[in-house]
Amino acid sequence: VHRSDGGEPDRFYNVCKPLNTRANAAAAAAAAGSSEGAPFDHRKQHVLYGNDNHYFFFRLHRHVYDRLAAAQRCAREKNQPQFRQTGDEHIQRVVDPQAEAARAVESARLHREFMGMLRRVLDGHMDSSTFEDSCRALLGTNSYVLFTLDKLIQKFIKHMASMVQDEQTMRLVDLHKYESARRLLISDEVYRANANILLHDEPCYR
């Protein structure tokens, strides 16, 4: 697998040779019945074989996603009406469409304001202690999970920067692009064998 440096067109992956050419019987039979000129849907390939760098990338990505989702949840909860316990909880609450729409608008405003604060702290225009106090005042006490979001994002960015500098990691990315660009049915067996050739004795994550 040859690593392209971003300047080469995508058609490079249509002409390069695989590291392992043995396909399983099911893949060969399905490929024989497929049309040569049929358009390839890149969305059908969701499998990635990677190394430790890819594993940590997806773990950090999940943590960042969960924190950003928590920010939206805190913005919604901040505008939820508070009901007192009356003993008649079985009675269905009357929903006011105008009030619901107003709460949705206010939740969106709170979320936008939070994202603006996050950008400022990432750009160095706001210190961490001010960011924590602002989060608490804006989104309530449940926003404590967001206090270290800036540090998490910075760690995520540093990890991505180290990934693009690692030759083996980028070769695995190129291999995934190549396997996704196949016009015949993608064989997981061949893809896994190719990844193992690049990884040698290192752990392989799917």
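S.K.: Just checking my understanding: could you explain unusual backbone geometry for this structure?
M.R.: Keep in mind that most residues, glycine aside, have a negative phi and that most peptide bonds are trans. The backbone of His200 shows a phi angle near 60°, a positive value even though the residue is not glycine. The class for His200 is exposed, based on a relative accessible area of 62%.

S.K.: Sorry, what's going on with helix α8 (residues 188-199) here?
M.R.: Side chains of residues three or four places apart in an α-helix project in the same direction, reflecting 3.6 residues per turn. Across its 12 residues, α8 extends 16 Å between first and last C-alpha, which sits within 8% of the 16 Å expected from 1.5 Å per residue. Considered for burial, the residues of α8 that qualify are Val190, Tyr191, Asn194, Ala195, Leu198 and Leu199. For α8, the elements touching its buried residues are α7 (167-180). Where α8 terminates, the next one or two residues include His200, which has phi positive at roughly 60°.

S.K.: Mind showing me how you'd approach the packing of helix α4 (residues 97-122) against helix α6 (residues 149-165) here?
M.R.: Where α4 meets α6, the closest approach of the two axes is 10 Å, and the angle between their N-to-C directions is 60°. By the angle class used here, α4 and α6 are oblique. Seen from above, α4 lies across α6 with right-handed handedness. Two secondary-structure elements touch here, α4 through Phe114, Leu118, Val121 and Leu122 and α6 through Leu149, Asp150, Ile153 and Gln154. Looking at the contact of α4 with α6 residue by residue, the classes come out as six nonpolar, one polar and one charged.

Calculation rules
- Residues numbered from 1 in each chain as written.
- Predicted model: local features only at pLDDT ≥ 70, side-chain atom pairs only at ≥ 80, totals over all residues.
- Heavy atoms only, no water.
- Buried < 20%, exposed > 50% of the residue type's maximum accessible area, 1.4 Å probe, protein only.
- Helix = DSSP H or I, 4+ residues; strand = E, 2+ residues; numbered from the N terminus.
- Expected span 1.5 Å × (residues − 1).
- Contact = heavy atoms within 4.5 Å.
- Axes fitted to C-alpha atoms, helices over the stretch in contact; angles between N-to-C directions.
- Parallel < 35°, antiparallel > 145°, perpendicular 65-115°, else oblique.
- Left-handed = near helix turned anticlockwise from the far one by under 90°.
- Nonpolar A, V, L, I, M, F, W, Y, C, P; charged D, E, K, R; others polar.

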